[in-house]
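If you want the building blocks of each chain, they are given just below.
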Amino acid sequence: MKYISTRGQTAPKSFSQALMAGLADDGGLLLPQSYPHIDAFTLHDWRSLSYAELALQIISLFATDIPKADLQTIISKTYTADVFGSDEITPLRTLHDGVNIQALSNGPTLAFKDMAMQLLGNLFEYVLGRENRYLNIIGATSGDTGSAAEYALRGKDRVNVFMLSPFGKMSDFQRAQMYSLQDGNIFNIAIKGMFDDCQDIVKALQNDHAFKANYHLSTVNSINWGRIVAQVVYYFKGYFAATNSNEQKVSFCVPSGNFGNVLAGHIARSMGLPIHRLIVATNENDVLNEFFNTGHYRPRDAAHTFVTSSPSMDISKASNFERFVYDLLDHDGAKVQQLWQQVATGSGFDLSPLLDKIHNQYGFAAGKSTHTDRLHTIAQVYAEDGELIDPHTADGVKVARQLREAGEIIVCLETAQPAKFAQTIHEAVGDNVKIPRPDNLVGLEDLPQRVTIIDNDAAAVREFIEAQLK
Ligand SMILES: *Cc1c(COP(=O)(O)O)cnc(C)c1O
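Criteria and thresholds
Each chain has its residues counted from 1, following the order in which its sequence is written. A pLDDT threshold of at least 70 governs which residues receive local features in this predicted model, and a stricter bar of 80 or more applies before side-chain atom pairs are shown or counted, although totals over entire chains, interfaces and linings include all residues. Each side-chain value is derived from all of the structure's non-hydrogen atoms; neither hydrogens nor water enter the calculation. UniProt positions are given in the numbering used here, feature names are shortened, and annotations may be inferred rather than shown by experiment. Each helix corresponds to a stretch of at least 4 residues labelled H or I by DSSP, and each strand to a stretch of at least 2 residues labelled E; elements are numbered beginning at the N terminus. Per-residue accessibility, obtained with a 1.4 Å probe over protein chains only, is compared with the maximum for each type, and a residue is labelled buried under 20%, exposed over 50%, and partly exposed between these values. We call two residues in contact whenever any of their non-hydrogen atoms come within 4.5 Å of each other. For two strands to pair, DSSP has to find at least two bridges joining them. Angles shown run from 0 to 180 degrees and are taken between the N-to-C directions of axes, each axis being a line fitted to C-alpha atoms and, for helices, limited to the stretch in contact. Whether two aromatic rings pair depends on their centres lying within 6.5 Å, for rings of Phe, Tyr and Trp, where Trp uses its six-membered ring; planes under 30 degrees apart make the pair stacked, over 60 edge-to-face, and the rest tilted. Of the grid points, spaced at 1 Å and generated over the protein atoms alone, those admitting a 1.4 Å probe that cannot get out make up cavities, while open sets with protein on both sides within 12 Å along at least five of seven lines make up pockets; any residue with an atom within 4 Å of a point is treated as lining. Grid points are joined across faces, edges and corners, and a volume is the space filled by probe spheres set on the points. Asp, Glu, Lys and Arg are counted as charged, while Ala, Val, Leu, Ile, Met, Phe, Trp, Tyr, Cys and Pro are counted as nonpolar; the rest, among them Gly, fall into the polar class. By convention a nonpolar core is built from buried Ala, Val, Leu, Ile, Met, Phe, Trp, Tyr and Cys residues, the set being connected through side-chain atoms within 4.5 Å.

If you check an unreviewed UniProt entry, the protein chain appears there as Threonine synthase from Snodgrassella alvi. The Cofactor (unreviewed entry) field of the UniProt record for the protein chain holds the comment "pyridoxal 5'-phosphate". Reading the Sequence similarities (unreviewed entry) entry of the UniProt record for the protein chain gives the comment "Belongs to the threonine synthase family."

(A) Here's a closer look at the environment of Lys-113. Structurally, Lys-113 can be placed in helix H6 (residues 113-131). The class for Lys-113 is buried, based on a relative accessible area of 14%. The sequence separation of Lys-113 and His-216 amounts to 103 residues, and the corresponding C-alpha distance is 24 Å. Dropping the residues within four chain positions of it, Lys-113 is found in contact with Thr-145, Ala-148 and Arg-227.

(B) Geometry of the sheet that holds strand S4 (residues 100-103). Ordered in space as S3-S4-S14-S9-S10-S13, the six strands form an open sheet in which the pairing is mixed. Two strands in the sheet have a free side with no partner beyond their single neighbour: strand S3 (92-94) and strand S13 (364-368). For this sheet, the mean angle separating the axes of adjacent strands, direction not counted, is 25°. Inspection of the sheet shows strand S10 (residues 275-282) paired to S13 by five bridges, in the parallel sense. Directly across from Val-280, in S13, lies its bridge partner Ala-366.

(C) The arrangement of the UniProt feature "domain: Tryptophan synthase beta chain-like PALP" (unreviewed entry) in the protein chain in detail. In this structure's numbering, the residues bearing the UniProt feature "domain: Tryptophan synthase beta chain-like PALP" (unreviewed entry) are residues 99-330. Helix makes up 43% of residues 99-330 and strand 18%, with an end-to-end C-alpha separation of 34 Å.

(D) Here's a closer look at the packing of aromatic side chains. With the rule as written, the count across this model stands at 30 aromatic pairs. Here Phe-259 and Phe-364 contribute two aromatic rings whose centre-to-centre distance is 6.0 Å and whose plane-to-plane angle is 25°, an arrangement assigned as stacked. Here Phe-364 lies in strand S13 and Phe-259 lies in the loop between strand S9 (250-255) and helix H12 (260-270), a separation of 105 residues in the sequence. The exposure class of Phe-259 is buried, given its relative accessible area of 1%. Exposure remark for Phe-364: the relative accessible area of 2% places this residue in the buried category. Both rings, one in Phe-324 and one in Tyr-362, keep their centres 5.5 Å apart while their planes meet at 85°; by these two values the pair is edge-to-face. Of the two residues, Phe-324 sits in helix H14 (residues 321-328) while Tyr-362 sits in the loop between helix H16 (355-361) and S13, which places them 38 residues apart along the sequence.

(E) Inspection of empty space enclosed by the protein at higher detail. Evaluation of the coordinates by the stated rule reveals two cavities of 30 Å³ or more. Its boundaries defined by the atoms lining it, the largest cavity holds a volume of some 60 Å³. As for the largest cavity, its lining consists of Ser-256, Gly-257, Thr-282, Asn-285, Val-287, Leu-288, Tyr-297, Met-313, Ile-315, Ser-316, Lys-317 and Ala-318. Tallied by class, the residues present in the lining of the largest cavity amount to six nonpolar, five polar and one charged. In this structure, the second largest cavity encloses a volume near 30 Å³.

(F) View of the nonpolar core. Core analysis: the largest hydrophobic core is formed by 111 residues, its most contacted members being Tyr-79, Tyr-235, Phe-236, Phe-259, Phe-292 and Phe-321. In contact with Phe-259, not counting residues within four places along its chain, are Val-280, Leu-288, Phe-292, Ala-318, Asn-320, Phe-321, Phe-324 and Phe-364. In terms of nonpolar packing, the next biggest core, distinct from the first, is built from 29 residues, Ile-101, Ile-378, Ala-400 and Ile-425 among them.

Printed below as a string of structure tokens:
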């Protein structure tokens, strides 16, 4: 299987090349030339597979330049009960009103990014070893992505991680999660500034071409194809868990920010998984809600992006959305390029003539949830089902309940555990409610922390990196 760009201007790449590349050379995103189709017999056979077995079947269709035996080794050490808390890996449960919740949040950092990032860490190590290469990952984080990357790459050969975070701006839990890592290849850098400053420094260092080449700099952001493909697996797993026959259809409701999670659902559906609807749930940053309801895409700049209580969805330019639009436009790379030129100049685009196709052929729907909705849903689920859900998952449950059709089987994807967002949980259910935490994370905040504080200055960060790599 070969990978091409959404803008149609790059030579086809192998899976490993797509894995190690960031953006395509023409500025587009890499995706396979076509999606594999799963026939009814195969789908029948897959129903009884374990998570790791299913992952091997699905990922081997995409990672065709990695021998299947090697892939099996990589996948079976990734998706274990040890790492993800149970043999089911993404267990499904049902609320009293019949809405299902599939937990994607039982990995080491308690958020769904682990589902893909843990695999990516092992794939990176394998490909770097095979090609005798080294890599220095540099990133900026306001919480979830950076910690998932660090836990995926800690202790790995041939790769270091330099992760910038805003000094004093993360929750105690998030800070402890990252800064307590003592692995020699993980470098936490607290910048005296905001998250945007961290991002600017990363961009400046990426654009320092001599530095980038000398030090083999790379990133692990949400457009990485390896992350998307890993996420396809849990849609199949969730489908099988919510049904007892492949005659049934399931709808997924997905708390969305960069459109990476729900894009994997779109791919699973395109492969033939019987998905009825893909319901995109947004928070107050509702660019995607608007698009899927009206066909107008109007991305906003940072100044018009709200800080909300479901912070991992505070995104107004969904980076993975371009891959869906490429499919929607029947793989017209020139048209995609033109639309994203419009986006770059600050205007959006209008695909309202395609709304029928978006809804009926691709099954998309969307809804929005606000801070009030979030608190209400957390409190409601706590009162009626006796359990806590995190604010992002609450956005999904709110939208699922609002849009659910009679008889529709809905699976809401649980993207984080409540322990990560204690403040909002307490606001919803009161300060006296104890928020459960996995045993191995009790006392996390008391562990010694390892972090270097640096001024908001790209040159100072570059010097620090150079000094570590001497
Ligand atoms: C990243 C994240 C999301 C958004 O996922 P996208 O792939 O960016 O749409 C939702 N919830 C949580 C908890 C996250 O960490």
